[in-house]
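Structural overview for review
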Amino acid sequence: MSYSGEVFDLNSGINSKESIRRKLEIEEVLLEISNMFIAPASLGRDINVTLEKIGRLCGAGRSYIFLLRENDTAFDNTHEWCAEGVEPQKNNLQNVPCEECPWWMEKLSNDEVLHIPDVSALPPEAEVEKEVLGKQGIKSLIVLPLYVSGKLAGFMGLDNVVNTGSWGTDDASILRIAVNIMGMGIQRRKAEEAIRAEKEIYRSTFENAANLILLVDKKGVIVDCNSRAEKLLGYRRFELIGKAIKSILFSDYIKKFEEYSEEVENRGFSFNKEYRMVRKDGNPVDVNVNSSGLKDENGFNIQTIYIVEDITERKKAEKLIQESEARYRFLFQNNRAVIMLLDPNTGNILDANTAACSYYGYTREKMLNLNIADINILPKEQIIEGLKQEKFRDTNHFFFTHRLSNGVLRDVERYSYPILMDGKKLLFSIVSDITDNRKMQSELVRAKMEAEFASKAKSEFLAIMSHELRTPLNSIIGFSDMLFTQNFGPLNEKQLRYVSNISVSGNHLLKLINDILDLSKVEAGKMELEVEEFSVSDSISEVKTLLTPLASKKDIQILSMVDKGLTTIRADRTKFKQILYNLVDNAIKFTHEEGYVVVNASVEGDQAKIMVKDTGVGISEAEAKKIFQPFIQLENSEYGKQKGTGLGLSLVKKFVEMHTGKIWVESKFGEGSKFIFTIPLNLPLSPTN
């Protein structure tokens, strides 16, 4: 074989039967290839068939197509045919960087045919290509550039992996024809794919548009519509196609539609026209329509496309806004409160209701010509600065002195709220006259101070009288107890009962006096804490020991649980035990026989948390609200009114609060109660401790 570089001429040099046979064979292959690419059913399959036929026709070991990627920086072996016994290389030749074959790519870019009779004899500048081809076992090859739409898109080539040698003129010519045919086939396929993609994009856009799209012919008949037709109008697509567009319009809008149709005919478009359409079920739909004419090659309108937007909700909103504005105006003008609309930047009164005009004593016309500084007695600069700040806060509350038209000054309370009207931020202000209220408040403050003084004097008196009240009572109790022992002579049964009553009543009265005096001392500020460090567990045990006899009379168990982490606490030990005693004693009173009372002590942050829980009758919500008030005694249908002063829980609350603690009750009637209090773990020790 020899290569001359000339274009193949089928009519030259054919003198022998072999030449005639070769010519017919070439013509048959090229005709078959041409027919395949006129309308390729499968481009990939047709390229593979072409490579096989060209490879066999030219006696190649391998024929192939390489296509450049979209960025033109790399190429892929997309199609390959190999003769029997020749190893395929397609999978190894993917994403090959163009920069790795600079000599090769330069030749192809210059539209040169790469005819390499002997790979081993490649020039030094093709050293990289020589190495790549050698690894594939290629001895000789011929490669032609492949163009698509006038641009280099890749290349087609033939390899010989057995012998070196030149490729003949026939081979080059056949390859040139084949590569042109395939280039045109690829170009046609890309054009078809682009058209198909554009159609799909158009159809997808058409079908998935947010609005209804109607295509109407010159006669006003709907010829196409998208899927929004069913949602907006209730028609299936096939039901709407063929209907006159006027048939889906309310009769009141047909004349308007005809006028706008003439506008489309004359101008080519008509935008933002509002109609009312009729749904299939007869209900109205408010719509906004943009229409545009579609022209033929002569410039005549042949169809009109209508883009229909559902504005029913917008129309409802507009109606609501109108109604809201009317209601606002009615409420504003007829409200009994004094209301003004202020410009926060200037202080001008932009609007004022009837009540405002009446209160300040101005006509409405005069009122709307005033500035708030004409009413407020503060300096105008200070007022305007304050108004500017108000527009940035959600709510504003101030007290001012306003001047009426007759010169009288009145104390007022003003609330203002920023509102947006016509794109401008204004202040909606409500004014209340508080002149009389302030006078009443002053009188109430004076009365409160007098009451507090009297209460303090009472508490101080009771605290001072502590000794005088307790001394004679202690004597009565002591002598009655001595008589009860009969050390000074025997007493009959009746006398013993009377002496016992004197002792019991005396002790009850002493407890009442002690509770009253303790409460008075706390309220008078005469009682102080004696803070020391002591064991919580020991204190609970002592209270438990004192009250166990009382609990045993009703077969009530007193249980206690103390966290390991709560060993000691710094507090007033006596008052701590008195708090516990009163709570547990109270729980025993209102607990059923064979019930139980639980004292639970734990650590919660920097606080000790003590809970006294019982299985008693519980406390109603109404009673729980007043349970810590002085002289309040709970009544229960099951237990009746219990003995006591009604001061125990009130003292408990005072003692807890003296420790800067808190106390509360959790209970439901019939389900028992929980009294819980918290006090700090480490109060400062008293100087004596």
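Residues numbered from 1 in each chain as written. Predicted model: local features only at pLDDT ≥ 70, side-chain atom pairs only at ≥ 80, totals over all residues. Heavy atoms only, no water.

Looking only at helices and strands, one finds 19 helices and 25 strands in the protein. Out of the 689 residues belonging to the protein, those deemed buried represent 39%. Of all intrachain contacts in the protein linking residues separated by at least 6 positions in sequence, the fraction that spans at least 24 positions is 56%. Carbon and sulfur atoms form 52% of the exposed surface of the protein, whose accessible area is close to 39,200 Å². (Helix = DSSP H or I, 4+ residues; strand = E, 2+ residues; numbered from the N terminus. Buried < 20%, exposed > 50% of the residue type's maximum accessible area, 1.4 Å probe, protein only. Contact = heavy atoms within 4.5 Å. Areas by Shrake-Rupley, 256 points an atom, 1.4 Å probe, with all protein chains shown as cover.)

Attention shifts here to the nonpolar core. By size, the foremost hydrophobic cluster in this structure holds 39 residues, and its most contacted members are Leu-580 and Phe-677. Looking at this core, the elements that each hand over two or more residues are helix 16 (536–552), strand 19 (568–572), helix 17 (573–589), strand 20 (596–604), strand 21 (607–614), helix 19 (648–658), strand 24 (662–667) and strand 25 (673–680). Element by element, the count of residues in this core is highest for helix 17, at seven residues. Not counting chain neighbours up to four residues away, the residues in contact with Leu-580 comprise Ile-540, Val-543, Val-599, Ile-610, Val-612 and Phe-677. If you look at the next biggest cluster of nonpolar residues, it comprises 33 residues, including Val-29, Leu-51, Ile-174 and Ala-178. (Core = buried A, V, L, I, M, F, W, Y, C linked by side-chain atoms within 4.5 Å.)

Enumeration according to the criterion identifies 15 aromatic pairs in this entry. Plain terms: the ring middles of Phe-332 and Phe-428 are 6.3 Å apart, the flat faces sit at 55 degrees to each other, and that makes the pair tilted. Here Phe-428 lies in strand 16 (residues 424–433) and Phe-332 lies in helix 9 (residues 312–334), a separation of 96 residues in the sequence. There is no split in this pair, since Phe-332 and Phe-428 are both buried. Of the aromatic side chains, those joined through ring pairs into one cluster are Tyr-64, Phe-66, Phe-75, Trp-104 and Phe-155. Taking the ring centre of Tyr-260 as reference, the NZ or CZ of Lys-273 above it sits at 4.9 Å. (Phe/Tyr/Trp six-rings, centres within 6.5 Å; stacked < 30°, edge-to-face > 60°. Lys NZ or Arg CZ within 6 Å of the ring centre and 35° of its normal.)

The next point concerns the sheet that holds strand 16. Ordered by their spatial adjacency, five strands build an open sheet running 13-12-16-15-14, and the pairing between neighbours is antiparallel. Each end of this open sheet is capped by a strand with a single partner; those strands are strand 13 (349–352) and strand 14 (396–403). Pairwise comparison of adjacent strand axes, ignoring direction, gives a mean angle of 30 degrees for this sheet. By the bridge criterion, five bridges tie strand 12 (residues 338–342) to strand 16 in an arrangement that is antiparallel. Of the residues in strand 16, the one forming a bridge with Ile-339 is Ile-430. Where helix 12 (residues 380–390) meets the sheet, it contacts strand 12, strand 14, strand 15 (409–421) and strand 16, and its direction lies at approximately 40 degrees from that of strand 15. (Pairing = 2+ DSSP bridges. Axes fitted to C-alpha atoms, helices over the stretch in contact; angles between N-to-C directions.)

Below, the discussion takes up a nonpolar patch on the surface. Together, Phe-479, Met-482 and Phe-488 make up an exposed nonpolar region whose accessible area comes to about 370 Å². One can find Phe-479 in helix 14 (residues 466–485). (Patch = residues over 30% accessible without salt bridge, like charges linked within 9 Å, V, L, I, M, F, W, Y side chains within 5 Å. Salt bridge = Lys/Arg side-chain N within 4 Å of Asp/Glu carboxyl O.)

Let's shift gears to the pattern of salt bridges. If the charged atoms of two oppositely charged side chains come close together, the side chains can form a pair. On inspection of all chains with the given rule, the structure shows 30 salt bridges. Linking Arg-276 and Asp-286 is a salt bridge whose minimum nitrogen-to-oxygen distance equals 2.8 Å. Taken together, the positions of Arg-276 in strand 9 (residues 269–278) and Asp-286 in strand 10 (residues 284–295) put the pair 10 residues apart, joining distant regions of the chain. Classification of Arg-276 as partly exposed rests on a relative accessible area of 30%.

The subject of this paragraph is the sheet that holds strand 11 (residues 301–310). Strand order in the open sheet formed by five strands is 8-7-11-10-9, with antiparallel pairing between adjacent strands. Because the sheet does not close on itself, it has two edges, and the strands there are strand 8 (222–225) and strand 9. Put simply, the sheet's adjacent strands are angled 30 degrees from each other on average, direction ignored. As paired elements, strand 7 (residues 212–217) and strand 11 share six bridges and run antiparallel to each other. Considered in strand 11, the bridge of Leu-214 is made with Tyr-306. Contacts from helix 5 (residues 169–208) reach strand 7 and strand 8 within the one sheet, and its direction differs from that of strand 8 by about 95 degrees.

Quick look at the pairing of strand 8 now. Relative to strand 8, strand 7 is paired through three bridges, and the arrangement is antiparallel. Across the sheet, the residue bridging to Leu-214 is Cys-225, located in strand 8. Connecting the antiparallel pair strand 7 and strand 8 is a turn made up of four residues, with Gly-220 showing a positive phi of about 85 degrees.

As for its placement among the helices and strands, Glu-125 is situated in the loop between strand 4 (114–116) and helix 4 (127–135). In this structure Glu-125 comes out as exposed when scored by relative accessible area, which is 52%. Measuring from C-alpha to C-alpha, the distance between Glu-125 and Trp-104 comes to 9.8 Å, with 21 residues separating the pair along the chain.

What follows concerns the side chain of Thr-50. Structurally, the position occupied by Thr-50 is in helix 2 (residues 43–58). Residue class for Thr-50 comes out buried when judged on its relative accessible area of 0%. If sequence neighbours within four positions are ignored, Thr-50 has contacts with Ile-33, Met-36, Phe-37 and Met-182.

Our focus in this paragraph is the side chain of Ser-429. Looking at the secondary structure, you find Ser-429 in strand 16. Ser-429 gets classed as buried once you look at its relative accessible area, which sits at 0%. With sequence-adjacent residues up to four places away left out, Ser-429 is seen in contact with Val-338, Ile-339, Met-340, Leu-342, Arg-414, Tyr-415 and Ser-416.

In the predicted model, the protein carries a mean pLDDT of 84, and the fraction of residues at 70 or more is 90%. Taken as a whole, residues 1–14 scores under 50 in pLDDT and shows 28 contacts with residues more than four places along the chain or in a different chain. (pLDDT = per-residue confidence, 0-100.)

With that settled, the discussion passes to the packing of helix 2 against helix 5. At a minimum axis separation of 11 Å, helix 2 and helix 5 run at an interaxial angle of 180 degrees. By the criterion of interaxial angle, the relationship of helix 2 to helix 5 is roughly antiparallel. Along its contact with helix 2, which presents Leu-43, Ile-47, Thr-50, Ile-54, Leu-57 and Cys-58, the element helix 5 presents Asp-171, Ile-174, Leu-175, Ala-178, Met-182, Gly-185, Ile-186 and Arg-189. Residues of the contact of helix 2 with helix 5, tallied by class, amount to 10 nonpolar, two polar and two charged. (Parallel < 35°, antiparallel > 145°, perpendicular 65-115°, else oblique. Nonpolar A, V, L, I, M, F, W, Y, C, P; charged D, E, K, R; others polar.)

On to the pairing of strand 15. Here eight bridges tie strand 14 to strand 15, and the two strands are oriented antiparallel to one another. Counterpart to Phe-399 in the pairing with strand 15 is Glu-413. Adjacent in sequence and paired antiparallel, strand 14 and strand 15 are bridged by five residues, among which Gly-407 carries a positive phi angle near 90 degrees. Pairing of strand 15 with strand 16, which is carried by 10 bridges, proceeds in the antiparallel orientation. Its bridge partner being in strand 16, Tyr-417 is matched across the sheet by Phe-428. The antiparallel pairing of strand 15 with strand 16 creates a hairpin that spans two residues between the two strands, and Asp-422 there sits at a positive phi of about 55 degrees.

On to the packing of helix 16 against helix 17, then. Two elements in contact, helix 16 and helix 17, have axes whose closest approach is 10 Å; the angle formed by their N-to-C orientations is 35 degrees. The handedness of the crossing between helix 16 and helix 17 is right-handed. When helix 16 is examined against helix 17, the residues Val-536, Ser-539, Ile-540, Glu-542, Val-543, Leu-546, Leu-547, Leu-550 and Ala-551 are found in contact with a partner set consisting of Arg-573, Phe-576, Lys-577, Leu-580, Tyr-581, Val-584, Asp-585 and Ile-588. Class assignment of the residues belonging to the contact of helix 16 with helix 17 gives a composition of 12 nonpolar, one polar and four charged. (Left-handed = near helix turned anticlockwise from the far one by under 90°.)

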